[in-house]
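Overview (structure and organization)
Chain by chain, the residues run as shown.
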Amino acid sequence: LSQEIRDHYRHELNIDNDDVCMMCIGRLSSQKGIDYALKAFAEVHRVENNVRLVLVGEGSGRFEYEQLAEALNIRDRVVFTGYRDDVSGLLQAADIFWLTSRSEGMANVLLEAMAHAKACVAFDIAGVAEVVKNNENGIIVPFEDIMGFKTTTMQLIGNVAERKRLAENGYKTVVTEYSIERMCADTERELLALTGNR
């Protein structure tokens, strides 16, 4: 990960050096739980001023979410980037990755965040526990537990070493369990089993 790229994107997103940046990536829609992210962020911002929430993505809910950010008095701390095709660079600007979805298939965006060595906090929805081992390579919070999300995030904001530990373990998980070679080998094994050639 490049400090130069991180600095570039943080400057573009107007994130100060001492700001802790939370990031969500996905369509601005109900399924992605952006309303949960905004509410959790409002709770964090009540006790911590130097925080930013970056929402990467576009969608039909954008106006509604901008209104919600306004109502929660956090509009000036939330960045709506709109659609972007440079997610890899944007991720480098983040300190903590949030997954607040109501549902996901395979949480590819979670894997991408882990591949960029970001500490991840996610709701306990289908697909998450397959990737995240709680308190080892990320943190799982009970679904819809906004205060749990806040508490967990506050702990990570205050503990850079813990953020780093989760990030490093997450990165190792992706490299060892979700590399292209590993996934191809697993698929091949499944196909051989199906055709009786194991």
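Details of the structure are given in the entry above.
The paragraphs below set out a description of the structure included in this document.

Reading guide: rules and limits
- Position numbers for residues start from 1 in each chain and track the written sequence from start to end.
- Local features are withheld for residues below a pLDDT of 70 in this predicted model, meaning they are given only at 70 or higher, and side-chain atom pairs are given and counted only at 80 or more; totals for whole chains, interfaces and linings count all residues.
- Working from all heavy atoms in the structure, the side-chain values ignore hydrogens and water.
- Secondary structure elements follow DSSP: runs of H or I of four or more residues count as helices, runs of E of two or more count as strands, with numbering from the N terminus.
- Pairs of cysteine sulfur atoms within 2.5 Å are what we label disulfides.
- Think of it in three bands: residues with accessible area under 20% of the maximum for their type are buried, residues over 50% are exposed, and the middle band is partly exposed, with areas taken using a 1.4 Å probe on protein chains only.
- Only four residue types enter the tally: Lys and Arg on the positive side, Asp and Glu on the negative side, with His and both chain ends excluded.
- In what follows, salt bridge is the name for a side-chain nitrogen of Lys or Arg lying within 4 Å of a carboxyl oxygen of Asp or Glu.
- Polar contacts, as counted here, are pairs of nitrogen or oxygen atoms within 3.5 Å of one another; within protein the pair requires one atom able to donate a hydrogen and one able to accept it, and residues that are adjacent in sequence qualify only if both atoms are side-chain atoms.
- Between two residues, a contact is recorded if the distance between any of their heavy atoms is within 4.5 Å.
- Strands are treated as partners if at least two bridges between them are detected by DSSP.

Attention now goes to the environment of I96. Checked against the element boundaries, I96 lands in strand β4 (residues 96–99). Remark: the alpha-carbon pair of I96 and L28, spanning 68 residues in sequence, is separated by 19 Å.

Inspection of the entire model under this criterion finds zero disulfides. Looking at C21, it has no disulfide partner, and the nearest cysteine sulfur is the one in C24, 9.7 Å off. The exposure class of C21 is buried, given its relative accessible area of 0%. Here C24 falls in the buried class, since its relative accessible area comes to 4%.

Along the chain, K118 falls in the loop between α5 (108–115) and β5 (119–123). One buried charged side chain, K118, makes no salt bridge at all; its nearest oppositely charged neighbour is D95, positioned 5.8 Å away. Within the local environment of K118, its side chain forms a polar contact with the backbone oxygen of A94, the two atoms lying 2.8 Å apart. Once residues lying within four places of it in the same chain are set aside, the contact partners of K118 are R6, L91, Q92, A94, F97, A113 and A167.

Below, the discussion takes up the pattern of salt bridges. Under the definition given, this model contains 14 salt bridges. Each member of the salt-bridge network shares a partner with another, and the members are E58, R62, E66 and R75.

With that settled, the discussion passes to the pairing of strand β1 (residues 20–25). The side chains of a regular strand alternate, first on one face of the sheet and then on the other. Summarising burial for β1: six of the six residues are buried, a large majority. Of the two faces of β1, the one carrying V20, M22 and C24 and the one carrying C21, M23 and I25 are both buried. As judged from the six bridges shared by β1 and strand β2 (residues 51–56), these two strands associate in the parallel manner. Note that in β2 the partner of M23 across the bridge is V54. With two bridges connecting them, β1 and β4 associate as parallel partners.

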